[in-house]
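Notes for the structure review
Next come the chains, spelled out residue by residue.
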Amino acid sequence: MSNSKVIKSSTNSVCAVIPFLNEKLTLDIVLNETIKYVDSIYAVNDGSDDGFTRMGEESNIKFVNLDKNYGKGRALNVGFEESISAGFNSIVTLDADLQHDPKYIPALVESLQSFDIVIGNRLKDLKGMPIQRRLSNKLTSFFLTIKTGQNILDSQCGFRAYRAGVLRSVKSRFFGFEAESEILIKAAKNGFRIGFIDI
């Protein structure tokens, strides 16, 4: 399934899970920037067919290759399983298309001292977000606020930090993008605290 060495974690270590599909043009940039802020990366290839290759083998970056395109939710689950098995305490997720700036990783992880899940909030600055995405996000966030009983500011942002204990307790059943909302609902039902930082 993967093509590099198993990553060993250390106490209080942080890893990133980066699912990707046909992001050959941006993936290297995201990996190179992300590794500045985490101990290790699990890059989960969700069935890409764009010919991406990473030259050489790096002990702190592990590629996990799925046999076909399953969806972001499945790719995240695979990365979560790998990171939990390796014993990481904090797990950060971000996209491979340059939408998320890795420089915010330290702030996300630091906020795990107060919360169990920390999500990047993009809604303070909406200039780059299409109007239909804004409306969809605000509506979904409103319903998730009701469903979880917690104030959900940006439900659709995949730039997140999780305590490992959350991901041991909460498993998503969905394979697509809805998995990220499902995790929030299940986490809230299990009493986990959800927080946000502006990105």
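What you see is a predicted model; the values in this text were computed from it and never measured.

This brings us to the layout of surface pockets. Counted as a void, the largest pocket has a volume near 420 Å³. Forming the walls of the largest pocket are 22 residues, and the residues nearest its centre are Lys72, Asp95, Gln99, Phe177 and Glu180. Considered class by class, the residues forming the lining of the largest pocket number 6 nonpolar, 8 polar and 8 charged.

Another aspect to go through is the confidence of the model for the protein chain. Here the protein chain averages 88 in pLDDT, and 87% of its residues register 70 or above. Below a pLDDT of 50 lies the segment residues 1–6, which in the model reaches 17 contacts outside its immediate sequence neighbourhood of four places, other chains included.

This part is about a nonpolar patch on the surface. Nonpolar side chains collect at one region of the surface, where Leu139, Phe142, Phe143 and Ile146 lie side by side and expose about 440 Å² of accessible area between them. Relative to the helices and strands, Leu139 resides in helix H4 (residues 131–148).

For the structure shown, the criterion picks out 7 aromatic pairs. Centroid distance Phe20 to Phe63: 6.3 Å. Interplanar angle 90°. Geometry classified as edge-to-face. Taken together, the residues Phe20 in strand S1 (residues 14–20) and Phe63 in strand S3 (residues 61–65) connect sequence positions 43 residues apart. Summarising the burial analysis for this pair, Phe20 and Phe63 share the class buried. A centroid spacing of 5.5 Å and a plane angle of 70° characterise the contact between Phe80 and Tyr162, whose relative ring orientation is edge-to-face. Taken as a pair, Phe80 in helix H2 (residues 72–85) and Tyr162 in strand S6 (residues 160–163) lie far apart in primary sequence, 82 residues in all. By the burial criterion, Phe80 is buried, and Tyr162 matches it. Taken together, the ring pairs connect Phe20, Phe52 and Phe63 into an aromatic cluster. Between Arg173 and the ring centre of Phe174, over which it is positioned, the NZ or CZ distance is 5.1 Å.

Let us look at helix H6 (residues 178–189). Along its 12 residues, H6 runs 17 Å from first to last C-alpha, staying within 8% of the 16 Å computed at 1.5 Å per residue. The buried fraction of H6 amounts to 9 of the 12 residues, a majority that puts the element mostly inside the structure. Where H6 ends, the next residue or the one after it, Gly191, has phi of about 85°, a positive value.

A few words on the sheet that holds strand S2 (residues 40–45). Spatial ordering of the open sheet is given by S3-S2-S1-S4-S6-S5-S7, a layout of 7 strands whose pairing is mixed. Looking at strand neighbours, the two that pair on one side only are S3 and strand S7 (194–198), the edges of this open sheet. When the angles between neighbouring strand axes are averaged without regard to direction, this sheet yields 20°. Where strand S4 (residues 90–93) lies against S6, 4 bridges are found, and the strand directions are antiparallel. Paired with Ser90 across the strands is Arg163, a residue of S6. Contacts between H6 and the sheet are confined to strand S5 (117–121), S6 and S7, with S5 contributing the most and set at about 135° to the helix.

The rules behind the values
Residues numbered from 1 in each chain as written. Predicted model: local features only at pLDDT ≥ 70, side-chain atom pairs only at ≥ 80, totals over all residues. Heavy atoms only, no water. 1 Å grid on protein atoms, 1.4 Å probe; cavity = no way out; pocket = protein on both sides within 12 Å on 5 of 7 lines; lining within 4 Å. Points joined across faces, edges and corners; volume = space filled by probe spheres on them. Nonpolar A, V, L, I, M, F, W, Y, C, P; charged D, E, K, R; others polar. pLDDT = per-residue confidence, 0-100. Contact = heavy atoms within 4.5 Å. Patch = residues over 30% accessible without salt bridge, like charges linked within 9 Å, V, L, I, M, F, W, Y side chains within 5 Å. Areas by Shrake-Rupley, 256 points an atom, 1.4 Å probe, with all protein chains shown as cover. Salt bridge = Lys/Arg side-chain N within 4 Å of Asp/Glu carboxyl O. Helix = DSSP H or I, 4+ residues; strand = E, 2+ residues; numbered from the N terminus. Phe/Tyr/Trp six-rings, centres within 6.5 Å; stacked < 30°, edge-to-face > 60°. Buried < 20%, exposed > 50% of the residue type's maximum accessible area, 1.4 Å probe, protein only. Lys NZ or Arg CZ within 6 Å of the ring centre and 35° of its normal. Expected span 1.5 Å × (residues − 1). Pairing = 2+ DSSP bridges. Axes fitted to C-alpha atoms, helices over the stretch in contact; angles between N-to-C directions.

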